[in-house]
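Structural overview
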Amino acid sequence: MRQMSDREPRTGVSRRRFLELCAMGAVATSVGACGAASPQAETGPPLEGGEYDGPPVTIEFWHGFTGGDGPAMGALVDDFNGSQDNITVKTNTVQWAQYYQRVVAAVHAGQGPDIGAMHVEQLATQAARQTVNPLDDVVEELGLQAREYPEEVWERGVFNEQRYGIPFDVHSLASYANQGLLSSAGLRAQPATGAELEQALATLVQSGAQQPLWMPNRWPAHLIFLSLLWQYGGEPYSEDGREATFDDEAGVAALEWMTGVVQAGFSPENVAIDSQYTAFKNGDGAFTWDGIWQINDLNTVEGLEWSMAPVPTIGEEPAVWANSHQLVLFRSREPDDDRLQAAKAFMA
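The model shown is predicted, which means the values in this text are computed figures rather than measured ones.

Notes on the overall build of the chain
- What the chain contains, in helices and strands, is 13 helices and eleven strands.
- Looking at the chain as a whole, 48% of its 348 residues qualify as buried.
- Residue pairs in contact within the chain that sit at least 24 positions apart in sequence constitute 79% of those at least 6 positions apart.
- Surface exposure of the chain reaches about 16,800 Å², of which carbon and sulfur atoms provide 48%.

Next up, the structure:
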């Protein structure tokens, strides 16, 4: 997902077509394995007014929010548990790298959670694997409206003309700056264009701030590459999803810009996963491009004066990688109306 904006999207894989393509491979591997023993698609009776009035019940909520997001997610659950007496939400935090394998296995073993968070690009696959419930009736019960959400995020919760996800967040890359280093070099606002950024980097080096923009060669390098690919007018795949197109002129320009930062001496070579972020926290980098999920963590760093701004427009037009976690209700082999109602109340 790219940056949401008022401009018309470029030609590319349609949202629904992309989800359909993602699901095709999953169908072949899941239908035979699940068969008649697949969890049932149930969302229970209507939840009037978003309030649960059944007997005391405990439900399970699985997610992968860690780092700075972990305490915030925990506080949301604690607030909900403290707001009423009949529902207790138990959380299970699973690293995103293992989350989808574990949650699918748990659901199809009859031991899955009631509700969870899921990256939007996973919805079609999990719908095809019969892991998650369709939510069209839940949207109506909870009184949710499309106008409450960014259009692109809302539309991507639909696969095969059914809704499977309700947007929980939008998260994108951002440009973080060490305002102390910028001020010492006579700089104020963060750069908005590639030319402004290159001038700022040169000025920082002249003022003694060596290697002011660490460029990772692994995470989150692919998110930076996609942002620049779209800025240069490219697309990662053809419209039918059958051909990789990220190796065209736009892709080459994006990668050349990234490697150019290293070749110019603005970044060390072979920056390992998250090393650029650790260096920024320690005051060793003037800029870093990372997700907005770092905000809560940066707020805990004493003595670091930092700012956040949109990723500069290096190419021809503004664009940045973005994604969305969406809330889902998991299927169960033995659906329980009270647990379903309680999960919907927590979702609300």
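Regarding the pairing of strand β11 (residues 325-329)
- In terms of residue burial, β11 counts as a mostly covered element, since five of its five residues are buried.
- Residues His325, Leu327 and Leu329 point to one face of β11 and Gln326 and Val328 to the other, with burial holding for every one of them.
- In this structure, strand β3 (residues 115-119) lies alongside β11, joined through five bridges in antiparallel fashion. Note that in β11 the partner of Ile115 across the bridge is Leu329.
- Two elements, strand β6 (residues 166-167) and β11, share two bridges in a ladder whose sense is antiparallel. When the bridges of β11 are listed, Ile166 appears paired with Leu327.

Let's talk about helix α3 (residues 96-108)
- When the terminal C-alpha atoms of α3 are compared, their 19 Å separation across 13 residues agrees well with the 18 Å that a helix rising 1.5 Å per residue should span.
- Among the residues of α3, Tyr99, Tyr100, Val103, Val104, Ala106, Val107 and His108 are the ones counted as buried.

Thoughts on the pairing of strand β7 (residues 171-178)
- Of all eight residues in β7, eight are buried; the element is thus mostly enclosed.
- Where β7 and strand β10 (residues 322-323) come together, two bridges link them in antiparallel fashion. What sits directly across from His171, in β10, is Asn323.
- Bridge analysis of β7 against strand β8 (residues 287-291) gives five bridges, and the strand direction is antiparallel. Bridging from a neighbouring strand, Ala174 pairs with Asp290 of β8.
- Direction of pairing for β7 relative to strand β9 (residues 306-309): antiparallel, over a ladder of four bridges.

Digging into the nonpolar core
- If you look at the biggest cluster of nonpolar residues, it comprises 34 residues, and the most contacted ones within it are Leu197, Leu204, Leu213, Trp257, Met258, Phe287 and Trp289.
- Of all the secondary-structure elements, those providing two or more residues to this core are β7, α8 (194-206), α9 (221-231), α10 (249-263) and β8.
- A total of seven residues in this core trace back to one element, the largest contributor, which is α9.

Definitions and limits used
Residues numbered from 1 in each chain as written. Predicted model: local features only at pLDDT ≥ 70, side-chain atom pairs only at ≥ 80, totals over all residues. Heavy atoms only, no water. Helix = DSSP H or I, 4+ residues; strand = E, 2+ residues; numbered from the N terminus. Buried < 20%, exposed > 50% of the residue type's maximum accessible area, 1.4 Å probe, protein only. Contact = heavy atoms within 4.5 Å. Areas by Shrake-Rupley, 256 points an atom, 1.4 Å probe, with all protein chains shown as cover. Pairing = 2+ DSSP bridges. Expected span 1.5 Å × (residues − 1). Core = buried A, V, L, I, M, F, W, Y, C linked by side-chain atoms within 4.5 Å.

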